[in-house]
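Chain by chain, the residues run as shown.
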Amino acid sequence: MLQLHNFIDGAFHAPRSGRYLDNVNPATGAVYAHLAASDERDVDAAVAAAQRAFPAWSRTPLAERAALLHRIADLIESRLDEFAATESMDQGKPVSLARAVDIPRAVWNFRYFADAMQHHQEQATHMDDQALNYVHRKAVGVAGLISPWNLPLYLLTWKIAPALITGNTCVAKPSEMTSHTAVLLGEVMQAAGLPAGVCNLVFGTGAEAGAALVGHPDVPLISFTGGTATAKHIIQDSAPHFKKLSLELGGKNAFLVFADCDLDACLDVALRAAFTNQGEVCLCGSRMFVERPIYDEFLRRFSAAAAALRVGDPSDATTNTGALVSAAHRDKVMGYIKLAVEEGGTIHAGGKVPDLPSHLQNGFFLEPTVVSGLAADCRVQQEEIFGPVVTITPFDSEDEVVAWANSTRYGLSATLWTGDLSRAHRVAHAMDAGIIWVNTWMLRDLRTPFGGMKASGVGREGGHHSIDFYTEIQNVCIKYGS
Ligand code: NAD
């Protein structure tokens with residue numbers, strides 16, 4: 001069976017323990033590969049390689065680092081179909097989504113940061129005729145990068161690219177459920193000629209490999225994307241070492257629909273916001289609030305569109321909704337559907353495992369599910385489900401819907417649909433969320449800051465925020481001569 005090995009010091013290595021984890025295809029439930037179950041010895045070896053590579057890499061001219069990142073981007077692009085098929089098989093997402101979104105975004109992550117850093121400028125200030133102040137940046141050292149399973153290569157490379165372009169070396173640990181495209185990335189880095197040790201990929205569980213990285217004294221920076229509960233461990237384990245931390249966490253995002261919006265356009269986007277990637281996107285609009293005059297029509301048309309989505313084989317180009325990432329996650333999402341009914345909800349679409357051909361019957365599928373009739377403060381409307389389940393609730397006033405939108409512990413994103421420009425600005429500013437979309441969803445400009453408020457995150461990445469995070473910033477104050 002295929003074995004997925006760690007990429008350390010420029011070469012692939014079996015885990016020191018000789019242990020492996022099952023790598024499952026979520027569409028069939030079958031184990032199709034074995035993944036290195038790394039422990040702290042593998043993490044130590046990766047960190048040592050990254051430390052050895054750091055002095056030369058951090059002094060490599062920026063233009064050379066940028067050229068290497070561009071070469072990596074070109075090589076991923078040249079294997080687009082293979083990357084997309086692998087990501088789909090590993091994670092359960094439709095191959096069309098991996099091909100159109102995940103892999104192109106990974107390519108863009110490398111291209112964007114290669115170019116952005118070369119155009120980056122610093123401020124200088126003159127203190128009358130006394131002194132000059134300017135900012136000097138240094139690479140931090142070995143960056144520890146930990147990513148989740150929902151957008152495996154997209155989120156991993158969004159950390160690796162800014163870490164490397166700013167002169168850091170890194171040890172990255174992708175999710176143990178979806179590490180396969182990272183192995184392909186290791187091959188690409190080898191082929192691109194990235195110097196050994198600059199980027200190391202260690203596979204395995206969070207409790208073992210992840211915790212070893214977070215607690216490692218020679219890793220001064222941790223960028224983590226994942227669940228809010230896990231982040232508490234990251235904060236605790238890194239605290240004794242005073243690490244630089246960026247935490248991108250869970251969400252329970254509100255999607256507000258005012259009666260004056262373009263309803264046809266809104267319905268198309270609402271469907272994507274609810275069910276893209278089986279609802280396994282941290283930014284999904286999982287709580288929809290619709291103004292009373294258009295509520296009935298919205299609920300009817302949205303439910304019909306959800307029921308018409310094609311759930312099935314992720315490798316089929318016509319599939320809209322693939323498999324959830326694991327049996328445990330599918331069961332968790334099913335538990336929330338049951339809870340929704342217990343909490344008084346009505347199911348308008350989905351709610352069960354779909355009938356599928358025999359080769360998919362052990363896969364982790366679930367129909368796109370629409371629920372109405374729930375109070376804004378019930379568990380289903382407050383807790384992150386991270387699956388194809390959306391709630392729809394009518395509202396009567398702007399104040400009411402703003403209060404409901406802000407009523408969860410999360411604050412990642414919010415979306416609002418309206419034809420009233422003043423209201424768009426007013427309600428956007430009232431949202432306790434780090435990113436607000438008006439009359440669109442998931443439109444991302446990498447130059448803009450990204451991150452959540454409240455339990456959705458700490459810190460910002462994206463654009464110059466990433467450059468800030470992945471560098472130590474020094475102020476140099478030089479007194480002019482007398
Ligand atoms: P998770 O927290 O279970 O795992 C994320 C990563 O952390 C994995 O690589 C895992 O192995 C590792 N990990 C687990 N325990 C660890 C520990 N003690 N020490 C170090 N590492 C550890 O999250 P998940 O289930 O993979 O991903 C889903 C979550 O991620 C959802 O809550 C989702 O909202 C969130 N997410 C957030 C964003 C964002 O940008 N805010 C993006 C995508 C996903």
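So, how was this worked out
Residues numbered from 1 in each chain as written. Predicted model: local features only at pLDDT ≥ 70, side-chain atom pairs only at ≥ 80, totals over all residues. Heavy atoms only, no water. Core = buried A, V, L, I, M, F, W, Y, C linked by side-chain atoms within 4.5 Å. Buried < 20%, exposed > 50% of the residue type's maximum accessible area, 1.4 Å probe, protein only. Domains from an automatic or database assignment. Contact = heavy atoms within 4.5 Å. Axes fitted to C-alpha atoms, helices over the stretch in contact; angles between N-to-C directions. Helix = DSSP H or I, 4+ residues; strand = E, 2+ residues; numbered from the N terminus. Parallel < 35°, antiparallel > 145°, perpendicular 65-115°, else oblique. Nonpolar A, V, L, I, M, F, W, Y, C, P; charged D, E, K, R; others polar. Pairing = 2+ DSSP bridges. Right-handed = clockwise from strand over helix to strand, strands pointing away. Phe/Tyr/Trp six-rings, centres within 6.5 Å; stacked < 30°, edge-to-face > 60°. Lys NZ or Arg CZ within 6 Å of the ring centre and 35° of its normal.

I keep staring at the nonpolar core and nothing clicks. Help me out?
Taken as a class, soluble globular proteins show a tendency for nonpolar side chains to be buried jointly. Counting 98 residues, the largest nonpolar core has Phe110, Ile160, Phe298 and Phe302 as its most contacted members. Two domains each donate at least three residues to this core, and these are domain 1 (2–249 + 457–475) and domain 2 (254–445). In contact with Ile160, other than residues within four places in its own chain, are Phe110, Leu145, Cys170, Ala172, Leu185, Met189, Cys199 and Leu201. One finds Ala45, Val142, Val202 and Ala231 within the second-largest nonpolar core, a separate group that totals 22 residues.

Sorry if this is basic, but what is going on with the packing of helix α3 (residues 80–91) against helix α6 (residues 180–192) here?
When two helices pack together, their arrangement is captured by the angle between the axes and the distance separating the axes. In the contact formed by α3 and α6, the axes pass within 8 Å of each other and the chain directions differ by 155°. Overall, the two elements α3 and α6 adopt an arrangement that is roughly antiparallel. The residues of α6 that touch α3, namely those facing Glu82, Phe83, Thr86, Glu87, Met89 and Asp90, are His180, Thr181, Leu184, Leu185 and Val188. The residue makeup of the contact of α3 with α6, split by class, is five nonpolar, three polar and three charged.

What exactly am I supposed to notice about the pairing of strand β11 (residues 221–225) here?
If a strand is regular, its side chains alternate between the two faces of the sheet. Among the five residues that make up β11, five are buried, leaving the element largely enclosed by the rest of the structure. With burial as the criterion, each face of β11 is covered, one bearing Leu221, Ser223 and Thr225 and the other bearing Ile222 and Phe224. In the sheet, strand β8 (residues 142–146) pairs with β11 via four bridges, with the strands oriented parallel. Residue Ala143 lies in a different strand from β11, and its bridge partner there is Leu221. As for the winding sense of the linkage, the β-α-β connection from β11 through helix α8 (residues 228–238) to strand β12 (residues 244–248) is right-handed.

Sorry, what's going on with the packing of aromatic side chains here?
The way to describe two aromatic rings as a pair is by their centre distance and the angle between their planes. Enumeration over the complete set of coordinates arrives at eleven aromatic pairs. Ring centres 5.8 Å apart and planes at 35° place the aromatic pair Phe289 and Trp404 in the tilted group. A residue pair is termed long-range when its members are at least 10 positions apart, and Phe289 in strand β14 (residues 287–291) and Trp404 in helix α13 (residues 398–405) qualify at 115 residues. Assessed through its relative accessible area of 24%, Trp404 is described here as partly exposed. By the ring-pair criterion, three or more aromatic residues cluster together here, those being Trp108, Tyr112 and Phe113. The lysine or arginine in question, Arg105, covers the ring of Trp158, its NZ or CZ lying 4.7 Å from the ring centre.

What am I meant to see in the sheet that holds strand β6 (residues 124–127) here?
Strand pairing in a sheet takes place through backbone hydrogen bonds and is either antiparallel or parallel in direction. With antiparallel pairing, three strands are arranged side by side in an open sheet as β6-β7-β23. The sheet is open, and its two edges are formed by β6 and β23 (471–479), each paired on a single side. Taking the axes of each pair of neighbouring strands and ignoring which way they run, one obtains an average angle of 25° across the sheet. Of the strand pairs in this sheet, β6 and strand β7 (residues 131–139) are connected by four bridges, and their pairing is antiparallel. Its bridge partner being in β7, Thr125 is matched across the sheet by Asn133.

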